[in-house]
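Chain and residue survey
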Amino acid sequence: MVISDWVFPITNHQSPITNPFMFGKIARFASLFRRYGAGAFRLIINPLLGKPAWFDLHGDRVWLNFDRSTYYHLLHSVDKLEKLVNAIPADVDGVVVDGGANHGIFSMLAARHFPGKKIYAVEAYPKLLPILEKNVAGKNIEIIPQALAAEDGEVSFFTSETSDQMGSTIPENVEEFTAGAPVQEVRVPAVSLANLVRQEGISKIAVLKLDVQGAEFSILKPAAEVLAITEYLVLEVCLIEKTAMELLEHVRKIFPHFKSVNPIIYGADIIFSKKPW
């Protein structure tokens, strides 16, 4: 993929003034400058030059792997993750488990919001692991380079070149966001929540966050012992997922209280709690 093809697309030899795609890009760049200030130059120019790009997150550098969805997530997802982390009481006991850590932004925000807490960033996608390692270096964050699954072993992990945000063990959950691009498959090691807790000697989980593109129910269903020691459960719930209703019914039996934080299409980011808010 040539990044300039989607940063500055001019089709049919149209003038930038009459090209509707260009108007959209100009608006996007204006939003980048409002959000990231002078750092937006780096976010725009570095990918064009084939150089690594990063943005500042409360004094920390967040390095990025650029793809077709990166600018969207820079403008929307970062603020949503911060809002999500800040909605959780900071004085809760236990460790933080970030399932589906991706670039590590949730883990980095959690390290700031929960100073002193051990954080486990669980990420299976080999392509993102070097970037994740770079982002969390020097922090109390341990990377678990495995996929969360119902049981230990090896699983197929599906991705698309259009977005590193859409990795999943469920191929159809990636296919619907690929815009026709081929889905790629890689075999990765997997660990269940129960065995992750055992191997790391975890006795209490303050926050368990799962963003695994539809695999949440299959991971949580056999993890009753883990949920019993978890105070807050953070999920992106999409009501069009096949297992969404089963997931909600299962979770609400253990976590009767909830807070909807970030509305999304057909769902929301939801924080489930055992105690009233």
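Preceding block: the structure.
What comes next concerns the included structure. (Residues numbered from 1 in each chain as written. Predicted model: local features only at pLDDT ≥ 70, side-chain atom pairs only at ≥ 80, totals over all residues. Heavy atoms only, no water.)

A look at the overall build of the protein
When its secondary structure is counted, the protein shows 11 helices and 13 strands. Here the C-alpha atoms of the protein give a radius of gyration of 19 Å, agreeing with the 19 Å that 2.2 N^0.38 yields for 277 residues. C-alpha atoms of the protein, sized along the principal axes, occupy 60 × 35 × 30 Å. Counting over 277 residues, the protein shows a buried share of 49%. The long-range share in the protein, meaning contacts at least 24 apart out of those at least 6 apart in sequence, stands at 62%. With the model as given, the accessible surface of the protein reaches about 13,200 Å², and the carbon-plus-sulfur share is 56%. Looking at charge distribution, the protein has the averaged site of its 27 positive side-chain charges lying 7 Å from that of its 31 negative ones. (Helix = DSSP H or I, 4+ residues; strand = E, 2+ residues; numbered from the N terminus. Rg over C-alpha atoms; globule rule 2.2 N^0.38 Å. Buried < 20%, exposed > 50% of the residue type's maximum accessible area, 1.4 Å probe, protein only. Contact = heavy atoms within 4.5 Å. Areas by Shrake-Rupley, 256 points an atom, 1.4 Å probe, with all protein chains shown as cover. Lys, Arg positive; Asp, Glu negative; His and termini not counted. Charge placed at Lys NZ, Arg CZ, Asp CG, Glu CD.)

Digging into the side chain of E216
Tracing the backbone shows E216 in helix α9 (residues 216-220). No salt bridge forms around the buried E216; measuring N to O, its nearest opposite-charge neighbour K209 is 8.7 Å away. Within the local environment of E216, its side chain forms a polar contact with the backbone nitrogen of V212, the two atoms lying 3.1 Å apart. Residues contacting E216, with those up to four places away along its chain left out, are L210, D211, L235, E236 and L247. (Salt bridge = Lys/Arg side-chain N within 4 Å of Asp/Glu carboxyl O. Polar contact = N/O pair within 3.5 Å; in protein donor to acceptor, adjacent residues only side chain to side chain.)

Notes on the packing of helix α4 (residues 70-86) against helix α5 (residues 105-113)
Packing of α4 against α5 brings their axes to within 10 Å, and their N-to-C directions diverge by 40°. Taken together, α4 and α5 sit at an angle that is classed as oblique. In this structure, α4 crosses over α5, and the sense of that crossing is right-handed. Facing V78, L81, E82, L84, V85 and N86 of α4, the residues of α5 in contact are I105, F106, L109, A110, R112 and H113. (Axes fitted to C-alpha atoms, helices over the stretch in contact; angles between N-to-C directions. Parallel < 35°, antiparallel > 145°, perpendicular 65-115°, else oblique. Left-handed = near helix turned anticlockwise from the far one by under 90°.)

Structural notes on the sheet that holds strand β8 (residues 163-168)
Taking strand neighbours across the sheet as the criterion, the 4 strands line up as β6-β9-β7-β8 in an open arrangement whose pairing is mixed. The open sheet has two free edges, formed respectively by β6 (147-148) and β8, since each of these has just one partner strand. Across 2 bridges, the pairing between strand β7 (residues 153-160) and β8 is antiparallel. When the bridges of β8 are listed, F158 appears paired with S168. (Pairing = 2+ DSSP bridges.)

Things to note about the pairing of strand β13 (residues 267-273)
Burial of β13 is extensive: 6 of the 7 residues sit out of reach of the surface. Summarising the sheet, strand β11 (residues 230-238) and β13 pair through 7 bridges and their orientation is antiparallel. Opposite V234, over in β13, you have I271 as the bridge partner. Both strand β12 (residues 257-264) and β13 contribute to a ladder of 7 bridges, which runs antiparallel. Bridge pairing in β13 links I264 to G267. Counting the residues that bridge the hairpin from β12 to β13 gives 2 residues, and of these Y266 lies at a positive phi of roughly 65°.

Here we look at the pairing of strand β3 (residues 95-99)
With 5 of 5 residues buried, β3 is to be regarded as a mostly interior element. The two faces of β3 match: V95, V97 and G99 on one face and V96 and D98 on the other face are all buried. Pairing analysis gives 5 bridges linking β3 to strand β10 (residues 205-210), with the strands arranged parallel. For V97, the partnering residue across the bridge sits in β10 and is L208.

Side note on unusual backbone geometry
Even without being glycine, H58 reaches a positive phi, approximately 55°. Looking at the element boundaries, H58 is found in the loop between β1 (53-57) and β2 (60-64). Residue H58 is classed as partly exposed on the basis of its relative accessible area of 38%.

Quick word on the environment of E241
Considering the arrangement of structural elements, one finds E241 in the loop between β11 and α11 (244-254). For E241 and A215, which are 26 residues apart along the polypeptide, the C-alpha to C-alpha distance reads 9.6 Å.

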